[in-house]
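Understanding the architecture of this molecule
Here's the letter readout for the chains.
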Amino acid sequence: MLSAFMLLTALSVSNISDADLENYYWDCDTAYMKGSLGGQDMNSCLKITEQFQKLMFNDDRDAFMQYWNDNKYQQWESRGFYRL
């Protein structure tokens with residue numbers, strides 16, 4: 001379950017390392033792709049995603065989308081989600 005963990009993370013997102021933020025982002029993205037993200041987890045993951053894009057890509061949507069496209073399958077597979 002992501003709920004308690006994601007809520008805690010979202011509340012302290014400004015206090016975590018860049019590596020942890022990236023890991024949490026991919027946890028959220030994978031949960032979303034699996035269709036297992038809802039309610040408070042969705043809100044927490046949106047905060048994590050916003051912070052990740054801001055810190056790692058200076059809110060540059062194109063740079064973020066390139067990063068996402070380059071890494072999504074590897075990150076999803078490492079979390080047990082395989083594309084169809």
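Read on for an overview of the structure. (Residues numbered from 1 in each chain as written. Predicted model: local features only at pLDDT ≥ 70, side-chain atom pairs only at ≥ 80, totals over all residues. Heavy atoms only, no water.)

**So, the pattern of salt bridges**
- Applying the stated rule across the entire model yields 1 salt bridge.
- A salt bridge links R79 to D27; the shortest N-O distance between them is 2.7 Å. You can see R79 sitting in the segment after α4 (61-78) and its partner D27 sitting in helix α2 (residues 18-34), a full 52 residues away along the chain. (Salt bridge = Lys/Arg side-chain N within 4 Å of Asp/Glu carboxyl O. Helix = DSSP H or I, 4+ residues; strand = E, 2+ residues; numbered from the N terminus.)

**Examining the side chain of T30**
- Summarising the element assignment, T30 is placed in helix α2.
- With residues near it in sequence (within four places) discarded, T30 still touches Q75, W76, R79 and F81. (Contact = heavy atoms within 4.5 Å.)

**What about the layout of surface pockets?**
- Computed from the structure, the largest pocket encloses a volume of approximately 270 Å³.
- Lining of the largest pocket is provided by 15 residues; of these, Y25, D29, Y32, L46 and T49 occupy positions nearest its centre.
- Sorting the residues of the lining of the largest pocket by element identifies α2, α3 (39-57) and α4 as the ones contributing at least two each.
- Element by element, the count of residues in the lining of the largest pocket is highest for α3, at 6 residues.
- Residues belonging to the lining of the largest pocket are distributed by class as follows: 11 nonpolar, 2 polar and 2 charged. (1 Å grid on protein atoms, 1.4 Å probe; cavity = no way out; pocket = protein on both sides within 12 Å on 5 of 7 lines; lining within 4 Å. Points joined across faces, edges and corners; volume = space filled by probe spheres on them. Nonpolar A, V, L, I, M, F, W, Y, C, P; charged D, E, K, R; others polar.)

**A closer look at the packing of aromatic side chains**
- If you walk through the whole model with that rule in mind, you get 12 aromatic pairs.
- Summarising the aromatic geometry, the rings of Y25 and W26 are spaced 5.0 Å apart at their centres and angled 70° between planes, so their arrangement reads as edge-to-face. One exposure class covers both Y25 and W26, and it is buried.
- Look at Y25 and F64: their rings are 5.6 Å apart centre to centre, the planes differ by 80°, and that puts the pair in the edge-to-face class. Linking Y25 in helix α2 with F64 in helix α4, this pair joins segments that are 39 residues apart in sequence. With respect to class, Y25 is no different from F64; both count as buried. (Phe/Tyr/Trp six-rings, centres within 6.5 Å; stacked < 30°, edge-to-face > 60°. Buried < 20%, exposed > 50% of the residue type's maximum accessible area, 1.4 Å probe, protein only.)

**Concerning the environment of E22**
- Summarising the element assignment, E22 is placed in helix α2.
- For the pair E22 and Q51, spaced 29 residues apart in sequence, the C-alpha to C-alpha distance is 9.7 Å.
- Setting aside chain neighbours within four positions, we find E22 in contact with F52 and Y67.

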